[in-house]
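Residue-level listing of the chains:
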Amino acid sequence: MASEDVKASESAVTTIVNLAEEAKLAREGVKAPSHAIISICKSLVAGGVAGGVSRTAVAPLERLKILLQVQNPHNIKYNGTIQGLKYIWRTEGFRGLFKGNGTNCARIVPNSAVKFFSYEQASKGILYLYQQQTGNEDAQLTPLLRLGAGACAGIIAMSATYPMDLVRGRLTVQNDKSPYQYRGMFHALSTVLRQEGPRALYKGWLPSVIGVVPYVGLNFAVYESLKDWLVKARPFGLVEDSELSVTTRLACGAAAGTIGQTVAYPLDVIRRRMQMVGWKGAGSVVTGDGRSKAPLEYNGMIDTFRKTVRHEGFGALYKGLVPNSVKVSHSIFSVSFVYNFQDCLTFT
(Lines give C-alpha, C1' and ligand atoms only; values in the text may rest on other atoms or scores of the structure.)
Protein backbone atom coordinates (compact mmCIF):
# COMPACT_ATOMS: atom_id res chain seq x y z
CA MET A 1 0.00 0.00 0.00
CA ALA A 2 1.43 3.45 -0.04
CA SER A 3 0.51 1.34 2.40
CA GLU A 4 3.00 -0.96 0.59
CA ASP A 5 4.42 0.91 -1.83
CA VAL A 6 2.54 3.28 -0.59
CA LYS A 7 1.78 1.66 0.56
CA ALA A 8 3.57 -1.90 0.15
CA SER A 9 5.00 -3.48 2.34
CA GLU A 10 6.69 -0.79 4.55
CA SER A 11 6.56 -0.17 8.28
CA ALA A 12 5.86 2.92 10.34
CA VAL A 13 9.39 2.95 11.68
CA THR A 14 10.91 3.07 8.21
CA THR A 15 8.38 5.64 7.02
CA ILE A 16 8.97 8.04 9.91
CA VAL A 17 12.74 7.72 9.84
CA ASN A 18 12.84 8.11 6.05
CA LEU A 19 10.77 11.30 6.24
CA ALA A 20 13.16 12.73 8.79
CA GLU A 21 16.18 11.80 6.71
CA GLU A 22 14.62 13.20 3.53
CA ALA A 23 13.82 16.48 5.30
CA LYS A 24 17.41 16.64 6.50
CA LEU A 25 18.76 16.06 2.99
CA ALA A 26 16.38 18.69 1.60
CA ARG A 27 17.63 21.24 4.12
CA GLU A 28 21.22 20.39 3.22
CA GLY A 29 20.61 21.04 -0.45
CA VAL A 30 23.16 23.87 -0.36
CA LYS A 31 25.99 21.36 -0.57
CA ALA A 32 28.08 21.09 -3.71
CA PRO A 33 26.16 19.23 -6.45
CA SER A 34 28.74 16.45 -6.71
CA HIS A 35 28.69 15.89 -2.96
CA ALA A 36 24.89 15.86 -2.91
CA ILE A 37 24.77 13.27 -5.72
CA ILE A 38 27.27 11.07 -3.91
CA SER A 39 25.21 11.34 -0.72
CA ILE A 40 22.04 10.39 -2.56
CA CYS A 41 23.72 7.43 -4.26
CA LYS A 42 25.10 6.21 -0.94
CA SER A 43 21.66 6.48 0.63
CA LEU A 44 20.10 4.54 -2.25
CA VAL A 45 22.75 1.84 -2.06
CA ALA A 46 22.42 1.57 1.72
CA GLY A 47 18.64 1.50 1.52
CA GLY A 48 18.72 -1.04 -1.31
CA VAL A 49 21.04 -3.44 0.50
CA ALA A 50 19.31 -3.03 3.86
CA GLY A 51 15.86 -3.29 2.29
CA GLY A 52 16.86 -6.38 0.33
CA VAL A 53 18.18 -8.13 3.43
CA SER A 54 15.16 -7.11 5.48
CA ARG A 55 12.60 -8.19 2.87
CA THR A 56 14.37 -11.47 2.25
CA ALA A 57 14.36 -12.23 5.97
CA VAL A 58 10.57 -11.89 6.15
CA ALA A 59 9.83 -13.18 2.62
CA PRO A 60 8.16 -16.42 3.87
CA LEU A 61 5.75 -14.36 5.98
CA GLU A 62 5.11 -11.97 3.10
CA ARG A 63 4.33 -14.81 0.70
CA LEU A 64 2.04 -16.52 3.21
CA LYS A 65 0.20 -13.24 3.80
CA ILE A 66 -0.57 -12.86 0.10
CA LEU A 67 -1.61 -16.52 -0.23
CA LEU A 68 -4.02 -16.11 2.69
CA GLN A 69 -5.43 -12.93 1.14
CA VAL A 70 -6.28 -14.41 -2.28
CA GLN A 71 -6.83 -18.16 -1.79
CA ASN A 72 -10.10 -19.66 -2.99
CA PRO A 73 -12.43 -19.79 0.05
CA HIS A 74 -13.96 -23.07 -1.18
CA ASN A 75 -10.64 -24.91 -1.17
CA ILE A 76 -8.64 -23.78 1.85
CA LYS A 77 -4.98 -24.80 1.76
CA TYR A 78 -3.47 -22.27 4.14
CA ASN A 79 -5.11 -22.04 7.54
CA GLY A 80 -2.97 -20.00 9.88
CA THR A 81 0.65 -18.90 10.07
CA ILE A 82 2.38 -22.05 11.33
CA GLN A 83 0.26 -24.46 9.28
CA GLY A 84 0.66 -22.29 6.19
CA LEU A 85 4.46 -22.15 6.42
CA LYS A 86 4.63 -25.92 6.99
CA TYR A 87 2.37 -26.52 3.98
CA ILE A 88 4.55 -24.38 1.72
CA TRP A 89 7.67 -26.20 2.93
CA ARG A 90 6.07 -29.63 2.41
CA THR A 91 4.61 -28.96 -1.04
CA GLU A 92 7.13 -26.55 -2.60
CA GLY A 93 10.29 -26.92 -0.57
CA PHE A 94 12.64 -24.25 0.74
CA ARG A 95 12.59 -22.19 -2.46
CA GLY A 96 8.81 -22.00 -2.26
CA LEU A 97 9.11 -19.81 0.82
CA PHE A 98 10.81 -17.09 -1.24
CA LYS A 99 8.70 -16.97 -4.41
CA GLY A 100 8.23 -13.40 -5.61
CA ASN A 101 10.97 -12.06 -3.34
CA GLY A 102 13.32 -11.24 -6.22
CA THR A 103 10.80 -8.88 -7.78
CA ASN A 104 9.99 -7.43 -4.38
CA CYS A 105 13.67 -6.61 -3.80
CA ALA A 106 14.10 -5.29 -7.35
CA ARG A 107 11.50 -2.61 -6.60
CA ILE A 108 13.50 -1.08 -3.74
CA VAL A 109 16.03 1.08 -5.59
CA PRO A 110 13.70 2.55 -8.27
CA ASN A 111 11.00 3.11 -5.67
CA SER A 112 13.44 4.84 -3.30
CA ALA A 113 14.91 6.96 -6.10
CA VAL A 114 11.52 8.16 -7.30
CA LYS A 115 10.41 8.77 -3.72
CA PHE A 116 13.49 10.84 -2.90
CA PHE A 117 13.26 13.14 -5.90
CA SER A 118 9.45 13.37 -5.62
CA TYR A 119 9.78 14.35 -1.97
CA GLU A 120 12.23 17.10 -2.85
CA GLN A 121 9.93 18.58 -5.49
CA ALA A 122 6.80 18.18 -3.36
CA SER A 123 8.54 19.86 -0.43
CA LYS A 124 9.52 22.83 -2.58
CA GLY A 125 5.99 23.16 -3.98
CA ILE A 126 4.27 22.86 -0.61
CA LEU A 127 6.75 25.26 1.00
CA TYR A 128 6.15 27.83 -1.74
CA LEU A 129 2.36 27.64 -1.26
CA TYR A 130 2.78 27.83 2.53
CA GLN A 131 5.00 30.91 2.28
CA GLN A 132 2.53 32.56 -0.07
CA GLN A 133 -0.38 31.81 2.26
CA THR A 134 1.36 33.04 5.41
CA GLY A 135 3.13 35.93 3.72
CA ASN A 136 6.35 34.87 5.39
CA GLU A 137 9.14 34.13 2.93
CA ASP A 138 11.28 32.70 5.73
CA ALA A 139 8.66 30.14 6.80
CA GLN A 140 9.77 26.50 6.98
CA LEU A 141 7.86 23.27 6.56
CA THR A 142 5.97 22.14 9.66
CA PRO A 143 5.92 18.42 10.61
CA LEU A 144 2.41 18.08 9.13
CA LEU A 145 3.49 19.68 5.85
CA ARG A 146 6.51 17.37 5.67
CA LEU A 147 4.13 14.50 6.29
CA GLY A 148 2.01 15.67 3.36
CA ALA A 149 5.07 15.92 1.13
CA GLY A 150 6.09 12.43 2.18
CA ALA A 151 2.63 11.07 1.39
CA CYS A 152 2.73 12.68 -2.07
CA ALA A 153 6.17 11.21 -2.71
CA GLY A 154 4.96 7.80 -1.55
CA ILE A 155 1.99 7.85 -3.92
CA ILE A 156 4.15 8.92 -6.88
CA ALA A 157 6.78 6.27 -6.14
CA MET A 158 4.13 3.60 -5.66
CA SER A 159 2.46 4.54 -8.94
CA ALA A 160 5.76 4.48 -10.83
CA THR A 161 6.61 0.97 -9.66
CA TYR A 162 3.09 -0.44 -9.27
CA PRO A 163 3.32 -2.81 -12.29
CA MET A 164 6.23 -4.52 -10.55
CA ASP A 165 4.08 -4.94 -7.45
CA LEU A 166 1.28 -6.50 -9.48
CA VAL A 167 3.51 -9.11 -11.12
CA ARG A 168 5.21 -9.71 -7.77
CA GLY A 169 1.82 -10.65 -6.36
CA ARG A 170 1.15 -13.07 -9.21
CA LEU A 171 4.62 -14.61 -9.09
CA THR A 172 4.09 -15.11 -5.36
CA VAL A 173 0.81 -16.93 -5.87
CA GLN A 174 1.67 -19.22 -8.78
CA ASN A 175 2.94 -22.72 -8.09
CA ASP A 176 3.81 -25.88 -10.04
CA LYS A 177 0.10 -26.60 -10.64
CA SER A 178 -0.54 -23.26 -12.33
CA PRO A 179 -1.58 -23.92 -15.98
CA TYR A 180 0.60 -21.08 -17.25
CA GLN A 181 3.92 -20.20 -15.68
CA TYR A 182 5.46 -16.75 -15.55
CA ARG A 183 9.20 -17.28 -15.98
CA GLY A 184 10.18 -14.11 -14.15
CA MET A 185 9.42 -10.43 -13.65
CA PHE A 186 9.98 -9.26 -17.23
CA HIS A 187 8.15 -12.23 -18.74
CA ALA A 188 5.23 -11.58 -16.39
CA LEU A 189 5.13 -7.88 -17.29
CA SER A 190 5.15 -8.57 -21.03
CA THR A 191 2.56 -11.34 -20.68
CA VAL A 192 0.13 -9.20 -18.69
CA LEU A 193 0.62 -6.33 -21.14
CA ARG A 194 -0.01 -8.58 -24.13
CA GLN A 195 -2.93 -10.61 -22.76
CA GLU A 196 -4.74 -8.08 -20.58
CA GLY A 197 -3.67 -4.67 -21.85
CA PRO A 198 -1.78 -1.78 -20.20
CA ARG A 199 -4.59 -0.92 -17.76
CA ALA A 200 -4.22 -4.36 -16.19
CA LEU A 201 -0.82 -3.37 -14.82
CA TYR A 202 -2.62 -0.97 -12.45
CA LYS A 203 -5.34 -3.25 -11.12
CA GLY A 204 -5.81 -2.48 -7.44
CA TRP A 205 -4.08 0.89 -7.67
CA LEU A 206 -7.01 2.88 -6.23
CA PRO A 207 -7.28 1.10 -2.85
CA SER A 208 -3.51 1.46 -2.56
CA VAL A 209 -3.76 5.23 -2.90
CA ILE A 210 -6.73 5.48 -0.54
CA GLY A 211 -4.78 3.46 2.02
CA VAL A 212 -2.26 6.28 2.34
CA VAL A 213 -4.65 8.42 4.39
CA PRO A 214 -5.33 6.10 7.36
CA TYR A 215 -1.90 4.48 7.20
CA VAL A 216 0.32 7.57 7.16
CA GLY A 217 -2.09 9.66 9.24
CA LEU A 218 -2.36 7.12 12.06
CA ASN A 219 1.37 6.42 11.97
CA PHE A 220 2.08 10.09 12.56
CA ALA A 221 -0.65 10.64 15.17
CA VAL A 222 0.09 7.51 17.22
CA TYR A 223 3.86 7.98 17.04
CA GLU A 224 3.71 11.62 18.18
CA SER A 225 1.16 10.83 20.91
CA LEU A 226 3.24 7.99 22.32
CA LYS A 227 6.39 10.09 22.21
CA ASP A 228 4.73 13.01 24.01
CA TRP A 229 3.21 10.72 26.66
CA LEU A 230 6.56 9.04 27.36
CA VAL A 231 8.32 12.41 27.73
CA LYS A 232 5.67 13.66 30.18
CA ALA A 233 5.00 10.45 32.13
CA ARG A 234 8.58 9.09 32.11
CA PRO A 235 7.46 5.49 32.81
CA PHE A 236 10.00 2.76 33.66
CA GLY A 237 12.88 5.23 33.34
CA LEU A 238 12.64 5.25 29.54
CA VAL A 239 13.27 9.00 29.28
CA GLU A 240 16.45 10.80 30.24
CA ASP A 241 16.79 14.57 30.01
CA SER A 242 13.54 14.82 28.00
CA GLU A 243 15.06 12.67 25.25
CA LEU A 244 13.88 9.26 24.10
CA SER A 245 16.46 6.58 23.37
CA VAL A 246 16.74 5.17 19.85
CA THR A 247 15.25 1.87 21.02
CA THR A 248 12.27 3.64 22.60
CA ARG A 249 11.63 5.69 19.45
CA LEU A 250 11.78 2.54 17.35
CA ALA A 251 9.35 0.81 19.71
CA CYS A 252 6.97 3.77 19.37
CA GLY A 253 7.28 3.49 15.61
CA ALA A 254 6.59 -0.25 15.71
CA ALA A 255 3.44 0.32 17.79
CA ALA A 256 2.31 3.08 15.43
CA GLY A 257 2.98 0.83 12.46
CA THR A 258 0.92 -2.01 13.90
CA ILE A 259 -2.09 0.25 14.47
CA GLY A 260 -1.77 1.94 11.08
CA GLN A 261 -1.45 -1.36 9.23
CA THR A 262 -4.40 -2.90 11.08
CA VAL A 263 -6.75 -0.04 10.18
CA ALA A 264 -5.63 0.14 6.54
CA TYR A 265 -5.24 -3.62 6.09
CA PRO A 266 -8.64 -4.32 4.43
CA LEU A 267 -7.58 -2.09 1.54
CA ASP A 268 -4.49 -4.25 1.07
CA VAL A 269 -6.66 -7.38 0.86
CA ILE A 270 -8.92 -5.69 -1.71
CA ARG A 271 -5.88 -4.60 -3.71
CA ARG A 272 -4.43 -8.10 -3.88
CA ARG A 273 -7.72 -9.65 -4.93
CA MET A 274 -8.17 -7.08 -7.68
CA GLN A 275 -4.67 -7.88 -8.96
CA MET A 276 -5.70 -11.50 -9.59
CA VAL A 277 -8.72 -10.60 -11.74
CA GLY A 278 -8.34 -11.47 -15.43
CA TRP A 279 -5.31 -13.70 -14.88
CA LYS A 280 -5.50 -16.45 -17.49
CA GLY A 281 -4.07 -19.64 -16.08
CA ALA A 282 -4.14 -18.25 -12.55
CA GLY A 283 -2.43 -20.09 -9.74
CA SER A 284 -4.32 -23.03 -8.29
CA VAL A 285 -4.52 -21.18 -4.99
CA VAL A 286 -6.92 -18.74 -6.68
CA THR A 287 -8.77 -21.22 -8.89
CA GLY A 288 -9.10 -23.96 -6.28
CA ASP A 289 -7.49 -26.64 -8.49
CA GLY A 290 -10.69 -26.90 -10.51
CA ARG A 291 -12.30 -29.03 -7.79
CA SER A 292 -14.39 -26.27 -6.30
CA LYS A 293 -16.47 -23.30 -7.28
CA ALA A 294 -14.82 -20.86 -9.65
CA PRO A 295 -13.15 -17.86 -8.06
CA LEU A 296 -15.25 -14.72 -7.79
CA GLU A 297 -14.87 -12.11 -10.49
CA TYR A 298 -14.54 -8.59 -9.16
CA ASN A 299 -15.47 -5.41 -10.97
CA GLY A 300 -13.78 -2.55 -9.16
CA MET A 301 -12.91 -1.74 -5.57
CA ILE A 302 -16.46 -1.42 -4.19
CA ASP A 303 -17.58 -4.64 -5.86
CA THR A 304 -14.55 -6.48 -4.45
CA PHE A 305 -15.29 -5.22 -0.95
CA ARG A 306 -19.00 -6.09 -1.20
CA LYS A 307 -18.49 -9.62 -2.57
CA THR A 308 -15.71 -10.40 -0.10
CA VAL A 309 -17.88 -9.50 2.89
CA ARG A 310 -21.01 -11.13 1.46
CA HIS A 311 -19.41 -14.49 0.63
CA GLU A 312 -16.71 -14.78 3.30
CA GLY A 313 -17.72 -12.45 6.11
CA PHE A 314 -16.11 -9.33 7.52
CA GLY A 315 -13.18 -11.34 8.89
CA ALA A 316 -12.01 -12.04 5.33
CA LEU A 317 -10.84 -8.42 5.13
CA TYR A 318 -8.18 -9.31 7.69
CA LYS A 319 -6.90 -12.57 6.21
CA GLY A 320 -3.13 -12.67 6.55
CA LEU A 321 -3.01 -9.98 9.24
CA VAL A 322 -1.07 -12.14 11.72
CA PRO A 323 1.99 -12.84 9.51
CA ASN A 324 1.83 -9.23 8.35
CA SER A 325 1.95 -7.95 11.94
CA VAL A 326 4.86 -10.20 12.82
CA LYS A 327 6.91 -8.34 10.22
CA VAL A 328 6.53 -5.04 12.10
CA SER A 329 8.88 -6.13 14.89
CA HIS A 330 11.46 -6.92 12.24
CA SER A 331 11.44 -3.25 11.19
CA ILE A 332 13.61 -2.43 14.21
CA PHE A 333 16.39 -4.58 12.74
CA SER A 334 15.79 -3.03 9.33
CA VAL A 335 16.19 0.56 10.52
CA SER A 336 19.27 -0.27 12.59
CA PHE A 337 20.83 -2.03 9.61
CA VAL A 338 20.18 0.98 7.36
CA TYR A 339 21.84 3.39 9.76
CA ASN A 340 24.84 1.13 10.38
CA PHE A 341 25.33 0.51 6.68
CA GLN A 342 25.08 4.23 5.92
CA ASP A 343 27.71 4.91 8.59
CA CYS A 344 30.03 2.43 6.90
CA LEU A 345 29.54 4.14 3.54
CA THR A 346 30.33 7.50 5.10
CA PHE A 347 33.88 6.39 5.77
CA THR A 348 34.52 4.76 2.37
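Everything that follows concerns the structure shown earlier in this document.
Keep in mind that what you see is a predicted model, and the values were worked out from it rather than measured.

Conventions used here
Residues numbered from 1 in each chain as written. Predicted model: local features only at pLDDT ≥ 70, side-chain atom pairs only at ≥ 80, totals over all residues. Heavy atoms only, no water. Helix = DSSP H or I, 4+ residues; strand = E, 2+ residues; numbered from the N terminus. Buried < 20%, exposed > 50% of the residue type's maximum accessible area, 1.4 Å probe, protein only. Areas by Shrake-Rupley, 256 points an atom, 1.4 Å probe, with all protein chains shown as cover. Core = buried A, V, L, I, M, F, W, Y, C linked by side-chain atoms within 4.5 Å. Contact = heavy atoms within 4.5 Å. Polar contact = N/O pair within 3.5 Å; in protein donor to acceptor, adjacent residues only side chain to side chain. Salt bridge = Lys/Arg side-chain N within 4 Å of Asp/Glu carboxyl O. Phe/Tyr/Trp six-rings, centres within 6.5 Å; stacked < 30°, edge-to-face > 60°. Expected span 1.5 Å × (residues − 1). Arc of directions from axis to C-beta. Axes fitted to C-alpha atoms, helices over the stretch in contact; angles between N-to-C directions. Parallel < 35°, antiparallel > 145°, perpendicular 65-115°, else oblique. Nonpolar A, V, L, I, M, F, W, Y, C, P; charged D, E, K, R; others polar.

Visitor: Explain the overall build of the protein chain to me, please; I cannot follow it from the model alone.
Guide: Regarding its fold elements, the protein chain presents 14 helices and two strands. Counting over 348 residues, the protein chain shows a buried share of 49%. Accessible area of the protein chain: about 16800 Å², with a carbon and sulfur share of 64%.

Visitor: Is there a simple way to think about the nonpolar core in this case?
Guide: The nonpolar side chains of soluble globular proteins are, as a tendency, buried together. Counting residues in each nonpolar core, the largest one holds 26 residues, and the members touching the most others are Tyr78 and Val173. At the level of elements, helix 3 (59-70), helix 4 (81-96), helix 7 (143-173), helix 8 (185-196) and helix 12 (284-287) are the ones that each hand at least two residues to this core. Ignoring anything within four residues of it in the chain, the contact list for Tyr78 reads Leu64, Leu67, Leu68, Gln71, Gln83, Gly84, Tyr87, Ile88, Glu92 and Val285.

Visitor: Would you mind going over the side chain of Gln174 with me for this structure?
Guide: Locating Gln174 in the fold gives a position in the loop between helix 7 and helix 8. Within the local environment of Gln174, its side chain forms a polar contact with the backbone oxygen of Tyr182, the two atoms lying 3.0 Å apart.

Visitor: Is there a simple way to think about the environment of Leu218 in this case?
Guide: With respect to the secondary-structure elements, Leu218 resides in helix 10 (residues 212-233). Put simply, Leu218 and Gly260 are 42 residues apart on the chain and 5.3 Å apart in space, counted from C-alpha to C-alpha. Setting aside residues no more than four positions away along its own chain, Leu218 makes contact with Val213, Tyr223, Ile259, Gly260 and Val263.

Visitor: I'm lost on the pattern of salt bridges in this one. Help?
Guide: When the charged atoms of two side chains with opposite charge come close together, those side chains can pair. Tallied over the full model, the rule gives 18 salt bridges. A salt bridge links Arg168 to Asp165; the nearest nitrogen and oxygen atoms lie 3.3 Å apart. Remark: Asp165 and Arg168 occur in helix 7; sequence separation between them is three residues, near one turn of the helix. The closest approach of N and O atoms between Arg306 and Asp303, which form a salt bridge, is 2.5 Å. Separated by three residues within a single helix, Arg306 and Asp303 lie in helix 13 (residues 301-312), roughly one turn from each other. Classification of Arg306 as partly exposed rests on a relative accessible area of 39%. Classification of Asp303 by relative accessible area gives buried; the value is 10%. Beyond isolated ion pairs, a larger network of salt bridges with shared partners links Glu62, Lys65, Arg107, Asp165, Arg168, Asp268, Arg271 and Arg272.

Visitor: What is the right way to read the packing of aromatic side chains from this model?
Guide: Given two aromatic rings, one states the distance between the centres and the angle between the planes to describe the pair. This model, assessed by the stated rule, comprises eight aromatic pairs. With a centroid separation of 6.1 Å and an interplanar angle of 85°, the aromatic rings of Trp89 and Phe94 are classed as edge-to-face. Here the aromatic rings of Tyr182 and Trp279 are separated by 5.6 Å at their centres, their planes lie at 10°, and the arrangement is stacked. Residue Tyr182 is found in the loop between helix 7 and helix 8, and its partner Trp279 is found in the loop between helix 11 (246-276) and helix 12; the two are separated by 97 residues along the sequence. Here Trp279 falls in the buried class, since its relative accessible area comes to 6%. Chaining the aromatic ring pairs together yields one cluster made of Trp89, Phe94 and Phe98.

Visitor: In this structure, what is going on with helix 6 (residues 108-134)? I would like to understand it.
Guide: In an α-helix, one turn spans 3.6 residues; hence positions three or four apart end up facing the same way. In a regular helix each residue adds 1.5 Å, so 27 residues correspond to 39 Å; helix 6 covers 37 Å between its end C-alpha atoms and thus fits that length. Three or more residues of helix 6 are buried, namely Ile108, Asn111, Ala113, Lys115, Phe116, Ser118, Tyr119, Ala122, Ser123, Leu127 and Gln131.

Visitor: Got a minute to help me understand helix 13 in this structure?
Guide: For helix 13, built from 12 residues, the straight-helix expectation of 16 Å at 1.5 Å per residue is met to within 8% by its first-to-last C-alpha distance of 16 Å. Residues Met301, Asp303, Thr304, Lys307, Thr308 and Glu312 constitute the buried set of helix 13. All buried residues of helix 13 lie within an arc of 160° about the axis, which places them on one face of the element. Away from its buried face, by an angle of more than 90 degrees, helix 13 presents the exposed residues Ile302 and Arg310. The inward-facing, buried residues of helix 13 contact helix 9 (205-210) and helix 11.

Visitor: Explanation requested: the packing of helix 11 against helix 13 in the structure shown.
Guide: A pair of packed helices is characterised by two quantities: the angle between their axes and the separation of those axes. The interhelical angle for the contact between helix 11 and helix 13, taken along N-to-C directions, is 105°, at an axis separation of 10 Å. The angle between helix 11 and helix 13 falls in the class roughly perpendicular. Across the interface between the two elements, Leu267, Ile270, Arg273 and Met274 of helix 11 pack against Met301, Thr304, Phe305, Thr308 and Glu312 of helix 13. Its residues assigned to classes, the contact of helix 11 with helix 13 shows five nonpolar, two polar and two charged.

Any functional reading would require information beyond the geometric quantities listed.
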